[in-house]
Amino acid sequence: MSTEVIEFFKKLLGSRYPNVKGCSSKMLKDLMHSIPSIEESEALVKEVTSEEIKDVLFSQGNDKAPGPDGFTSFFFKKAWPVVALELPPKFTEWIVSCYSDARFSVAFNGSLIGYFKGAKGIRQGDPLSPILFVLVMNVLSNILNNIASKRIFAFHPKCKNIGLTHLSFADDLLIFCKGNIESVLGIITVLDCFYEFSGLKLNAGKCEVFTAGIPAQRLDSIISSSGFKHGNLLVRYIGVPLVTIKLADKDCHALLGNIKNRLHQWSRKTMSYARSDIPTKGARVSLGNICKSKSEGGLGLKDIKSWNNACLIHLTRKLLAGEGSLWVAWIHSYIIKQQDYWTMDDSTRFSWSFRRLLKLRSIAQPVLATAAKSTKEI
């Protein structure tokens, strides 16, 4: 039995995919577009100094999420005199071997069996994985843009003006195209080629296609040819529907439930009540006092309403500057067009979030006339 287990993992981790051919360095340079200068190339292999490590660590916020070891950046800042000790060269070599000469054993019935060399690079969970994944997805992004410009697949009607082919967040990818079989097959061809370059293969069983205004016969043809499932709107993210209208209370129940559960777990672990049998009556302190700065006797918490308005005004500034995101480019191309933002009329066809910006114009205009740039300054 142990022999079968070892052979299975050897095949999984210790052998290469026969269809993955890689790509030439010339093609990779074309896909990456930007070529580093001589100074930048030398900096890539330059030895990292202790001072550079310290600068990066101390530039992080104290309340950032902890690493795999459970320690936050605040801990390392306080313990820097101990952490910053010079590591022996032998220990540094051990670290390098973790990603350059990876070998695996398999836990079987409480003991380790087998010991074989990996042949498929680092695995998910390795600290280098996120960095390499971003680099590889950047290549896919450039491939999709290049292929669309060569008309191998057609743009989505609401994306053509700004040349938008896809959006990606972490390992989620949305690809936009015209609703015909030719465009869908063109995208599948691109993803098959990407698999040969990178080893990242499309899993059709986990993919969904979302459509609007497509005849049933054409939709059936797309699904049967691609193997994708037909997804149904609304799409939800962290339990909240992605819609253009104002969210109702019921839309946020799942998210609020998760937040409340986290707060209850935290309060049970860190808070105690001397007389828990006595119910509280009324507000103990006003929200206005809590939101005052600590020097004024408050807790320094943010006033959510004021902070939200500040964020909206900051977004308005980016909108007027025509920079900051694809959303800004899309709004200019399909909503504002040639109109003056300050005088344009509101419309029910606009999204709720954009209409909220329009209603805030009278407040935003005098604020933006000042030198305030960041949300905190606003």
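The preceding data block contains the structure.
The shown structure was predicted, so the numbers you read here are calculated from the model rather than taken from an experiment.

Some details on the packing of helix α8 (residues 129-149) against helix α9 (residues 181-198)
Contact geometry for α8 and α9: axes closest at 11 Å, N-to-C directions at 145°. In this structure, α8 meets α9 at a crossing whose hand is right-handed. The residues of α9 that touch α8, namely those facing V136, L140, I143, L144 and I147, are V190, L191, F194, F197 and S198. Its residues assigned to classes, the contact of α8 with α9 shows 9 nonpolar, 1 polar and no charged.

Overview of the nonpolar core
Nonpolar side chains tend to gather and get buried jointly when the protein is soluble and globular. The biggest cluster of nonpolar side chains holds 21 residues, and the ones touching the most others in it are L140, I143, F153, V184 and F228. Listed by contribution, the elements that provide at least two residues to this core are α8 and α9. When neighbours within four sequence positions are excluded, F153 is seen to be in contact with L144, I147, A148, T165, F176, C177, S183 and I187. Core analysis: the next-biggest nonpolar cluster, separate from the first, contains 16 residues, L312, I331, F350 and L360 among them.

Some points on helix α16 (residues 361-368)
Turning to α16, its buried residues number three or more, namely R361, A364 and L368. The buried side chains of α16 occupy one side of the element, clustering within an arc of 65° when seen end-on. Of the surrounding elements, those touching the buried residues of α16 are α13 (304-321) and α15 (352-359).

Here's the deal with a positive patch on the surface
A grouping of R151, K160, K178 and R218 is seen on the molecular surface, where their side chains present a positively charged patch. Take R151: it is sitting in the loop between α8 and β3 (166-169). For R151, a relative accessible area of 77% corresponds to the exposed category.

Describing a nonpolar patch on the surface
Side chains of F210, L233, L234, V243, I245 and L247 sit close together on the surface and give an oily, nonpolar patch of about 550 Å² of accessible area. The residue V243 is located in the loop between β8 (240-241) and α11 (253-270) in this model.

Concerning the pairing of strand β2 (residues 111-117)
Note that strand β1 (residues 103-108) and β2 share 5 bridges and pair antiparallel. Across the sheet, the residue bridging to F104 is F116, located in β2. Linkage of β1 to β2, two consecutive antiparallel strands, is achieved through a turn of 2 residues, within which N109 is found at a positive phi near 55°.

Conventions adopted
- Residues numbered from 1 in each chain as written.
- Predicted model: local features only at pLDDT ≥ 70, side-chain atom pairs only at ≥ 80, totals over all residues.
- Heavy atoms only, no water.
- Axes fitted to C-alpha atoms, helices over the stretch in contact; angles between N-to-C directions.
- Helix = DSSP H or I, 4+ residues; strand = E, 2+ residues; numbered from the N terminus.
- Left-handed = near helix turned anticlockwise from the far one by under 90°.
- Contact = heavy atoms within 4.5 Å.
- Nonpolar A, V, L, I, M, F, W, Y, C, P; charged D, E, K, R; others polar.
- Core = buried A, V, L, I, M, F, W, Y, C linked by side-chain atoms within 4.5 Å.
- Buried < 20%, exposed > 50% of the residue type's maximum accessible area, 1.4 Å probe, protein only.
- Arc of directions from axis to C-beta.
- Patch = residues over 30% accessible without salt bridge, like charges linked within 9 Å, V, L, I, M, F, W, Y side chains within 5 Å.
- Areas by Shrake-Rupley, 256 points an atom, 1.4 Å probe, with all protein chains shown as cover.
- Salt bridge = Lys/Arg side-chain N within 4 Å of Asp/Glu carboxyl O.
- Lys, Arg positive; Asp, Glu negative; His and termini not counted.
- Charge placed at Lys NZ, Arg CZ, Asp CG, Glu CD.
- Pairing = 2+ DSSP bridges.

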